Amino acid sequence: MALAPGPDLLGDGSGDERPKWDNKLQYLLSCVGFAVGLGNIWRFPYLCQTYGGGLGCFTVSSLIGIYYNTVLTWVLWYLLNSFQNPLPWSACPPDRNLTGFVEECQRSSSVSYFWYRQTLNVTADINDSGSIQWQLLVCLVASWAIVYLCIIRGIETTGKAIYFTALFPYLVLTIFLIRGLTLPGATEGLTYLFTPKMQILQNPRVWLDAATQIFFSLSLGFGGHIAFSSYNPPRNNCKKDAVTIALVNSMTSLYAAIIVFSVLGFKAANDHGRCLDRNILSLINAFDFPDQSISRDDYAAVLAHLNVTQPERVAGLGLESCHLEDFLDKSASGTGLAFIVFTEAILHMPGAPGWAVLFFGMLFTLGLSSMFGNMEAVITPLLDMGVMPRWVPKEVLTGVACLSCFLASIHFTLHSGNYWLEVFDRYAASLNLVIFAFLEVVGIVYIYGMNRFCDDVAWMTGRRPSLYWRVTWKVVSPLLLLTIFVAYIALLARAPPSYRAWNPQYDQFPTQQENVYPGWVQVTCMLLSFLPVLLVPAVALAQLLVRHRRKKKAALQDMHLKPQDSGAC
């Protein structure tokens, strides 16, 4: 007996006018470009280092992604204007009536100063919003203009751009891999990456972070994969596509981690060497040794001898603790890894400006390809629902969507914009995406029906899903998502929400000051955490009311059309 697809899930065949992918590679690259994003480059390596080795969410992801692209545009502009000169973060500014700023740079580092002061010009408190920074605003306009031009006609234009935006990062990663493996200290960095600390695996937070990392890394719950898949032929091996995209995404994270740790190993080796040099200089000055009489290799033996023969004098020198693993343990995530730690490593590489352009260009294209999926996730449903009349060109709807997101993201260009980015990143996406994914799984398996869904998959692929897939969809996935949700709520409830501020007046500067969010920001965090989810029952209620009204209207029409009994004469 032939199996027919469920009409509610696969459509009624009226979508013949929909655009199609030119080839299967376009679709796979678009999904890979959407899934493989900035998190694969800076969050996955950070977790390895730390542990030893919907519409609302669409808007949030779009704003966050375009914010990073805005900053990257600004940094690239800096690079291109100083390509023949030292990198703009290579040294502190000269003291020209900028005493406070110079002191801020000298107390931290030239890289941190460039990021927090010259690029973001961040305030010391989220209550101090500051004004709009024109340079970031111009870059924001440029970023959204590029996004609009790439998605102006949907997959007809993104399908062409994706060849570059999805493949260029792999080219750059490969170049960095070859260069990174030849750097001194790369072996130590990779050894650190692949040496597990078994005791840390007993920490439940490790498993929670691992589960959430793979969840968000695949860009689940945003709707981009569903939008891209809707342009495939109905009979398509969707299971093979899903497994392929998941494997490519995971392997990319591992590939990027190898590159990041080879470069971080190089940076750690440099920092370790400079630490030894400072201690060696202290020993030479204190004990009147001849210049260059102590090498780095001899330092440990000389220090051990002096600790035995003259321990009091050695103790009074205040020597630094120079252990390579301590430098490898210095973790950084997100912008800290990309704009501070990694850029500090690039400073010490020959041809630093060229490597910097490649690195930030790669980050820009990663953000751009992710934006294609974010925007398609909202534009495709709006087109399918007929929100705008058919005579309105698609370019207009795309322009309205981009303009709306641009206006909503202007506040990120304030002096306090980086703090608001953290608010949106931490509270607007995480919980909502988990809930959306949970509702999707429950809706398909328990409301639409497992048997109907398996019939649809069999019609599309020619084979019914195995017992593994059915158990995963029906039991494992809902329980895992529910566990992640409960764990997230428990972690949020443990302490009031806080943020780290860059405050030059802080006693422990350049350590960032831990501040609790003011009350009005905490209310904003709560609204961002749950308002997008409330759209689900709101839309469901609206659909029920519309359906009830239609039934009532149809019943009234039937009553008027029913012939009246004329009676007997």
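Everything quoted here is computed from the prediction, not taken from an experiment.

A. Layout of the overall build of the protein chain. Across its full length, the protein chain carries 22 helices and two strands. Burial status across the protein chain gives 46% buried among its 569 residues. When the accessible area of the protein chain is evaluated, it comes to approximately 29100 Å², of which 63% is carbon and sulfur surface.

B. Structural context of the pattern of salt bridges. Under the criterion given, the structure shown has 11 salt bridges. As a salt-bridge pair, Asp271 and Lys267 come within 2.7 Å of each other at their nearest N and O atoms. Taken together, the residues Asp271 and Lys267, both in helix H12 (residues 238-287) and four residues apart, mark about one turn of the helix. By the burial criterion, Asp271 is buried, and Lys267 matches it.

C. A look at the state of the cysteines. In the structure shown here, the tally under the stated rule is one disulfide. Across a sulfur-sulfur distance of 1.8 Å, Cys275 and Cys322 are joined as a disulfide pair. Disulfide Cys275-Cys322: torsion about the S-S bond near -75 degrees, hence left-handed. With Cys275 in helix H12 and Cys322 in the loop between helix H14 (311-315) and helix H15 (324-328), this residue pair connects regions lying 47 residues apart in the sequence. In this structure Cys405 is not part of a disulfide, and its nearest cysteine sulfur, from Cys402, lies 6.8 Å away.

D. Quick look at the nonpolar core. Ile126, Ile346, Phe359, Met362, Leu363, Val423 and Tyr517 are the most contacted members of the largest nonpolar core, which totals 56 residues. If near-sequence neighbours (up to four positions away) are discounted, Phe359 is found in contact with Phe176, Ala338, Phe342 and Ile346. Core analysis: the next-biggest nonpolar cluster, separate from the first, contains 42 residues, Cys31, Ile162, Leu368 and Ala437 among them.

Criteria and cut-off values
Residues numbered from 1 in each chain as written. Predicted model: local features only at pLDDT ≥ 70, side-chain atom pairs only at ≥ 80, totals over all residues. Heavy atoms only, no water. Helix = DSSP H or I, 4+ residues; strand = E, 2+ residues; numbered from the N terminus. Buried < 20%, exposed > 50% of the residue type's maximum accessible area, 1.4 Å probe, protein only. Areas by Shrake-Rupley, 256 points an atom, 1.4 Å probe, with all protein chains shown as cover. Salt bridge = Lys/Arg side-chain N within 4 Å of Asp/Glu carboxyl O. Disulfide = S-S within 2.5 Å. Core = buried A, V, L, I, M, F, W, Y, C linked by side-chain atoms within 4.5 Å. Contact = heavy atoms within 4.5 Å.

Fair warning: the whole summary comes from geometry, so function is off the table for now.
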